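# Tertiary structure, described
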Amino acid sequence: EAGVAQSPRYKIIEKRQSVAFWCNPISGHATLYWYQQILGQGPKLLIQFQNNGVVDDSQLPKDRFSAERLKGVDSTLKIQPAKLEDSAVYLCASSLVRDNYEKLFFGSGTQLSVL
Amino acid sequence: AQSVTQLGSHVSVSEGALVLLRCNYSSSVPPYLFWYVQYPNQGLQLLLKYTSAATLVKGINGFEAEFKKSETSFHLTKPSAHMSDAAEYFCAVKEGGGADGLTFGKGTHLIIQP
């Protein structure tokens, strides 16, 4: 089966610019996560969707980060405006149902560099 | 709040030697514990998980981990290292009954010496 698709693979922007990342989960997967992985650290959950509804966004910096999953399929994560400390790999993951960690699949991520 | 500590950001072993990657957790309720592996330019892959069944958990690629409640540990081991095991390894925790998202440790980079 096709994996979790993310684009772009790399993005370089200057601080205060805007950027958007796209994620297409595995077909039929209802649960979608966005994680932020800063160099030298483990992934940190930003937001979790169940279909097109938000389950958990408690760690999303809502003053600059936003995410949507309008049709319950693919998802977009946006940063506006970007700061230097946003430089990280942004990972998308999906699973068929909630709490199914054997079937939780991660994409390869989008590497963001903010200059 | 739950947290995970991985001891050693880098571990180097010789091919054929024992692999031991350490993980200690903090959780106010019985946790679910996981080990993930990340190869260069690839997504995270689940190695194994503990969800309150057997304390010794066997995973893929010959890895296993033992849950020790008294030590709040979930160390990952493999009897004989292979060159293909070189990767970044992450321990993660989820509180039973809590939010779905995983809390990851900082990772341990495993280096295999020929």
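Here is a short report on the structure shown in this document. (Residues numbered from 1 in each chain as written. Chains lettered and ligands numbered in written order. Predicted model: local features only at pLDDT ≥ 70, side-chain atom pairs only at ≥ 80, totals over all residues. Heavy atoms only, no water.)

## A short note on the sheet that holds strand 7 (residues 65-68) of chain A
Residues and elements named next belong to chain A.
- Pairing within the open sheet is antiparallel, and its four strands lie in the order 1-3-8-7. Each edge of the open sheet is held by one strand with a lone partner, namely strand 1 (5-7) and strand 7. With direction set aside, neighbouring strand axes in the sheet form an average angle of 15°.
- Relative to strand 8 (residues 75-79), strand 7 runs antiparallel, the two being bridged by four bridges. Each bridged residue has a counterpart across the sheet, and for Ser66 the counterpart in strand 8 is Lys78. (Pairing = 2+ DSSP bridges. Helix = DSSP H or I, 4+ residues; strand = E, 2+ residues; numbered from the N terminus. Axes fitted to C-alpha atoms, helices over the stretch in contact; angles between N-to-C directions.)

## Details of the side chain of Ser75(A)
Residues and elements named next belong to chain A.
- Residue position: Ser75 is located in strand 8.
- A polar atom in the side chain of Ser75 sits 2.9 Å from the side chain of Trp34.
- The contacts of Ser75, once residues within four sequence positions are left out, are Phe21, Trp22, Cys23, Leu32, Trp34, Phe49, Glu68 and Arg69. (Polar contact = N/O pair within 3.5 Å; in protein donor to acceptor, adjacent residues only side chain to side chain. Contact = heavy atoms within 4.5 Å.)

## A look at the layout of surface pockets
- In this structure, the largest pocket spans a volume of roughly 500 Å³.
- Contributing to the lining of the largest pocket are 22 residues, with Gln37(A), Leu39(A), Val89(A), Gln111(A) and Gln38(B) lying nearest its centre.
- Every element with two or more residues in the lining of the largest pocket is listed here: strand 9 (88-95) and strand 11 (110-114) of chain A together with strand 9 (87-95) of chain B.
- Ranked by residue count, the leading element in the lining of the largest pocket is strand 11 of chain A, at three residues.
- For the lining of the largest pocket, the class distribution of residues is nine nonpolar, ten polar and three charged. (1 Å grid on protein atoms, 1.4 Å probe; cavity = no way out; pocket = protein on both sides within 12 Å on 5 of 7 lines; lining within 4 Å. Points joined across faces, edges and corners; volume = space filled by probe spheres on them. Nonpolar A, V, L, I, M, F, W, Y, C, P; charged D, E, K, R; others polar.)

That's the geometry; what it means functionally is another story.
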